[in-house]
Amino acid sequence: MGFLLDVLQTVVGVFISPRHDANTVTTLVVCVDRTDDVGRKTGLSTPVAGWEAVQSLVIDMGLADPEDSSVNSLLESLRVARDLRDGDDDAVVAVVSGASDSMVSADRTVARQLDDLIDEYNVDSAIVVIDSAEDERLVPVVESRLRVDSVDRVVVRQARDIESTYYLLKQFLADEELRQTTLVPIGIALIVFPALSIWAGSAIALATITAVIGAFLLYKGFGVDEYLTRVARQARDSLYSGQVSVVTYVVAAGLTLVGVFAGALGVSDLSDPESAFIQSMMFAYASVPWLAMAALAASTGRLLDEIIQDEQLRPSFLNLPFVVVGIGLIIRGFSAYFLERGGQISSFEVPDVSLGVVSVEGFTLGVGNRLGVFVLLGVLISVLGVRVAMYFSGSSVEEAEVAETDV
């Protein structure tokens, strides 16, 4: 008889137990309270679960402190649970709080309450309702136990601007890169401005700080820092990998400086310095040979790297030195044409040439003939480069174009 009573109690307990079946309740709408405002103001212990229990808690919380934002958070929890049920989704609403002296103990209290709710209602997902940044710290605790489908932040309408500003500042201070980019320049400006004001006056201090900030904004806006970082990384990798192009790039930089200096010297010797066009042509005429040699050195180094690394030579690398020389000859020819017409340089004289039984008397090229020769030489060298590139790469022009497009 006693055995039958035990079986009957077990069956009745299964039917009247508050535990919900896994197919009945799947979503937990949980209102989290890290600072235990609910417990301190109402004297109730958490967790509080169920529609009627939370609805009664809202009345108790509102009577205890009508101005507390937790009242709005509790009402939002009820609203979300109602909407889920209206949408044919099963949901249970609950409230958890951290009743402890320290934040670590409070978080552990919330974790234990969540475990009890999970065991009791057998849920597999949650919607977290919060009303402050402090409560938001509990979201990872919930995520460690349940799949969080949504985080509902409740902001009282009268304090929406303040809360929104607080959240923006919180996210801003959490971003290390953004914080360094913005706060560090502002801090430096606030420190330097008083010193410059005392030393040179407020006007000069303001102008200096404005110019520096403008230069910094342009520096960041054009991505100069990323470019310099990329160049430094490539240079370091090239040094450690023993690439020949590192040396040729240095040679190219030196030749570029020589070319710019030669062009500046050519401009300074003009008899008519007022003519901007003549100055630019003289600069190009004097600097182009050196700049062409700089580009030739850089491209040759890159070509040697490809050969040393035993990679398949791309036609563009083989053709580049010839293109550089061809362009240099054409620019030199056009600049010489304008300068000779302007009376800044003399005509091109070909000296006597004697090769055995063959001899050619010297002659002078006219201004038009001089331009034609330089242009023709540039085109012929460019065509020669194409043929050489196709020969060593073993491909046709069409195949080379397709390969370059794929790269």
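Since we're looking at a predicted model, the values are computed, not measured.

Trainee: Help me understand helix α10 (residues 202-221), please; the structure alone is not making it clear to me.
Mentor: Note that an α-helix has 3.6 residues per turn; residues three or four places apart therefore point the same way. The end-to-end C-alpha separation of α10 is 28 Å, in line with the 28 Å expected for 20 residues at 1.5 Å each. Remark: Gly223 follows α10 within two positions and exhibits a positive phi of approximately 70°.

Trainee: Quick question: what am I supposed to make of the packing of helix α3 (residues 51-64) against helix α4 (residues 69-86) here?
Mentor: Helix packing geometry: the angle between the two helix axes and the distance between the axes. The contact between α3 and α4 brings their axes to 9 Å, and the two run at 155°. Taken as axis vectors, α3 and α4 run roughly antiparallel relative to one another. Between α3 and α4 lies a crossing of left-handed hand. Each of Trp51, Val54, Gln55, Leu57, Val58, Met61 and Gly62 in α3 lies in contact with α4, whose residues at this interface are Ser70, Val71, Leu74, Leu75, Leu78, Ala81, Arg82 and Arg85. Residues that form the contact of α3 with α4 fall into these classes: 10 nonpolar, 3 polar and 2 charged.

Trainee: Honestly, the sheet that holds strand β5 (residues 147-153) in this entry has me stumped. Any pointers?
Mentor: Backbone hydrogen bonds hold the strands of a sheet together, and the pairing may be parallel or antiparallel. Taken together, 5 strands build an open sheet; the order of strands is β2-β3-β1-β4-β5 and the sheet is mixed. A single partner strand is all that each edge strand has here, and the edge strands are β2 (48-49) and β5. Where β2 lies against strand β3 (residues 91-97), 2 bridges are found, and the strand directions are antiparallel. For Ala49, the partnering residue across the bridge sits in β3 and is Ala94. The sheet contacts of helix α5 (residues 103-121) involve β1 (27-33), β2 and β3, and relative to β3 the element is tilted by about 160°.

Trainee: What's the story with the UniProt feature "transmembrane region" (unreviewed entry) in the chain in this structure? I'm lost.
Mentor: Residues given the UniProt feature "transmembrane region" (unreviewed entry) here are residues 186-219, 239-262, 282-304, 316-339 and 371-390. The span residues 186-219 carries 97% helix and 0% strand; its end-to-end C-alpha distance comes to 16 Å. Within the segment residues 282-304, helix and strand shares are 100% and 0% respectively, and the terminal C-alpha atoms sit 34 Å apart.

Trainee: Sorry if this is basic, but what is going on with the environment of Val123 here?
Mentor: Mapping Val123 onto the fold places it in the loop between α5 and β4 (125-130). Exposure remark for Val123: the relative accessible area of 6% places this residue in the buried category. Residues Val123 and Thr26 lie 97 residues apart in sequence; the distance between their C-alpha atoms is 4.6 Å.

Trainee: So what exactly am I meant to see when it comes to the side chain of Thr46 here?
Mentor: Residue placement: Thr46 occurs in the loop between α2 (37-42) and β2. Only 2.7 Å separates the side chain of Thr46 from the side chain of Ser97, close enough to count as a polar contact. At 3.1 Å, the side chain of Thr46 and the side chain of Gln113 are in polar contact. Excluding residues that lie within four positions of it along the chain, Thr46 makes contacts with Val95, Val96, Ser97 and Gln113.

Trainee: Please explain the pairing of β3 as it appears in this structure.
Mentor: The side chains of a regular strand alternate between the sheet's two faces. Burial analysis of β3 places 7 of its 7 residues in the buried class, which makes it a mostly covered element. Alternating residues of β3 divide into Ala91, Val93, Val95 and Ser97 and Val92, Ala94 and Val96, and every residue in both groups is buried. Of the pairings in the sheet, the one linking β1 to β3 comprises 7 bridges and is parallel in character. When the sheet's bridge partners are listed, Val29 is paired in β3 with Val93.

Reading the values: rules and limits
- Residues numbered from 1 in each chain as written.
- Predicted model: local features only at pLDDT ≥ 70, side-chain atom pairs only at ≥ 80, totals over all residues.
- Heavy atoms only, no water.
- Helix = DSSP H or I, 4+ residues; strand = E, 2+ residues; numbered from the N terminus.
- Expected span 1.5 Å × (residues − 1).
- Axes fitted to C-alpha atoms, helices over the stretch in contact; angles between N-to-C directions.
- Parallel < 35°, antiparallel > 145°, perpendicular 65-115°, else oblique.
- Left-handed = near helix turned anticlockwise from the far one by under 90°.
- Contact = heavy atoms within 4.5 Å.
- Nonpolar A, V, L, I, M, F, W, Y, C, P; charged D, E, K, R; others polar.
- Pairing = 2+ DSSP bridges.
- UniProt positions renumbered as here; feature names shortened; annotations may be inferred.
- Buried < 20%, exposed > 50% of the residue type's maximum accessible area, 1.4 Å probe, protein only.
- Polar contact = N/O pair within 3.5 Å; in protein donor to acceptor, adjacent residues only side chain to side chain.

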